[in-house]
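Observations on the three-dimensional arrangement
Listed below, chain by chain, are the residues.
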Amino acid sequence: QVQLIASGGGLVQAGKSLKLSCTISTEPSFEMYAAGWFRHGQEFVGFVTWNEGSALYADSVKGRFTLTRDVAMNTVYLEMDNLKPEDTDNYNCAATDTYYCERYGCTNALGYRYWSRGTRVTVSS
């Protein structure tokens, strides 16, 4: 069974940083292609390919957010810098395989098979 646990949310002031983590427990039948972050349910934030470590970001966070992954720890990190009040939301991480990414797109929530519960990020002005 594939399980994702997101953590690291909290309350920060605008302009500050926060780092979210997503620990992924996989199963032998699941070959992970990408891990992504979404907010407000289905708003794409970014994704990183698991083997290559290549990342793509939404325009709204580009230059401020950075995705990395630790393959040995099966963990994906979302470093959020220069946070803005409009970044306030529930953040979910998700994992998928090649089939779903190619069919629906890795920037589309439909392209992800497994999801975490959300971790809340609140940015005060």
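Residues numbered from 1 in each chain as written. Predicted model: local features only at pLDDT ≥ 70, side-chain atom pairs only at ≥ 80, totals over all residues. Heavy atoms only, no water.

So, about the overall build of the chain. On a plain count of helices and strands, the chain comes out with one helix and eleven strands. Secondary structure elements of the chain occur, N-terminal to C-terminal, as β-β-β-β-β-β-β-β-β-α-β-β. Taking 125 residues into account, the globule formula puts the C-alpha radius of gyration at 14 Å, and the chain, at 14 Å, falls close to it. In the chain, buried positions account for 43% of the 125 residues. When contacts within the chain are restricted to residue pairs at least 6 apart in sequence, those whose partners lie at least 24 apart make up 56%. Split by element, the accessible area of the chain, about 6,500 Å² in all, is 45% carbon and sulfur. Charged side chains of the chain number 11 positive and 13 negative; the gap between the two group centres comes to 5 Å. (Helix = DSSP H or I, 4+ residues; strand = E, 2+ residues; numbered from the N terminus. Rg over C-alpha atoms; globule rule 2.2 N^0.38 Å. Buried < 20%, exposed > 50% of the residue type's maximum accessible area, 1.4 Å probe, protein only. Contact = heavy atoms within 4.5 Å. Areas by Shrake-Rupley, 256 points an atom, 1.4 Å probe, with all protein chains shown as cover. Lys, Arg positive; Asp, Glu negative; His and termini not counted. Charge placed at Lys NZ, Arg CZ, Asp CG, Glu CD.)

It is worth spelling out the state of the cysteines at this point. Tallying each qualifying case throughout the model produces two disulfides. Here Cys 22 connects covalently by a disulfide to Cys 93, the sulfurs 2.0 Å from one another. The S-S bond linking Cys 22 to Cys 93 shows a torsion near 65 degrees; that makes this disulfide right-handed. Taken together, the positions of Cys 22 in strand β3 (residues 18-25) and Cys 93 in strand β9 (residues 89-96) put the pair 71 residues apart, joining distant regions of the chain. Of the residues examined, Cys 22 reaches a relative accessible area of 1% and is grouped as buried. Its relative accessible area of 2% is what places Cys 93 among the buried residues. Described in terms of the sequence order of its bonded cysteines, the disulfide pattern of the chain is 1-2, 3-4. (Disulfide = S-S within 2.5 Å.)

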